Amino acid sequence: MVLTNNRINGATMDMSRVDQVVTVGARERWIVDNQHHLPHNLHIHNARFLVVSVGGEPPRDFERGWKDTVYAPPGRPVIIDVEFGRSSDPDWPYMFHCHWLMHHDMGMMGQFVVIDETQEPPTAISTPAVRANTPAGGMNGSH
Ligand SMILES: [Cu+2]
């Protein structure tokens, strides 16, 4: 997760886009790398995680224990081990985002789905909310 100015991995939120696909039951190691000069953080829905290190150093006392949000200081990558919810559905996305209100309001957010081995990774999300914002005939990419 590369955090920059109101973007995660170079993108702002698109409700129809699938940013990450997670296999149900997996524990994934994510690197939260704030490459911006401002402080950010990362909040992940439908998940909990443990901080492995911050800027290459072990977590301090307040960084230990199960979390759903972690502070991402500029220039000090945070490594986390993430466990996700136990239900799988390729059509049910969950968000991850910077929890600084001004930033997630500017689109500093993405989404992932959890699938099992029988389900195909989706290439797009088509929820009622997405369809309501999409003119007939295709995606407009403006939301
Ligand atoms: Cu932020």
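How each quantity is defined
Residues numbered from 1 in each chain as written. Predicted model: local features only at pLDDT ≥ 70, side-chain atom pairs only at ≥ 80, totals over all residues. Heavy atoms only, no water. Pairing = 2+ DSSP bridges. Helix = DSSP H or I, 4+ residues; strand = E, 2+ residues; numbered from the N terminus. Donors = N, O, S within 2.8 Å, 3.2 Å for Na, K, Ca; no water. Buried < 20%, exposed > 50% of the residue type's maximum accessible area, 1.4 Å probe, protein only.

As named in an unreviewed UniProt entry, the chain is Multicopper oxidase domain-containing protein, taken from Gulosibacter chungangensis.

Asker: Any chance you could explain the sheet that holds strand S8 (residues 78-84) here in plain terms?
Answerer: Sheets are built from strands that pair by backbone hydrogen bonding, the pairs being arranged parallel or antiparallel. Pairing is mixed in the open sheet, where five strands are placed in the order S2-S1-S4-S8-S6. Each edge of the open sheet carries a strand with a single partner, namely strand S2 (7-8) and strand S6 (47-54). As paired strands, S6 and S8 are joined by seven bridges and run antiparallel to one another. Each residue of the ladder has a partner; that of Val54, found in S8, is Val78.

Asker: How should the coordination of the copper ion be read in this particular structure?
Answerer: For a metal bound by four donors in a tetrahedral arrangement, the ideal donor-metal-donor angle is 109.5 degrees, while six donors in an octahedral arrangement ideally sit at 90 or 180 degrees. Protein coordination of the copper ion is provided by His40 (ND1), Cys98 (SG) and His103 (ND1), with donor distances spanning 1.9 to 2.1 Å. Sequence positions of the donors to the copper ion reduce to the motif H-x57-C-x4-H. With His40 in strand S5 (residues 40-44) and Cys98 in the loop between strand S9 (89-97) and helix H1 (101-105), the pair connects residues that are 58 residues apart, well separated along the chain. Judged by its relative accessible area of 1%, His40 falls in the buried class. What makes Cys98 buried here is its relative accessible area of 0%.

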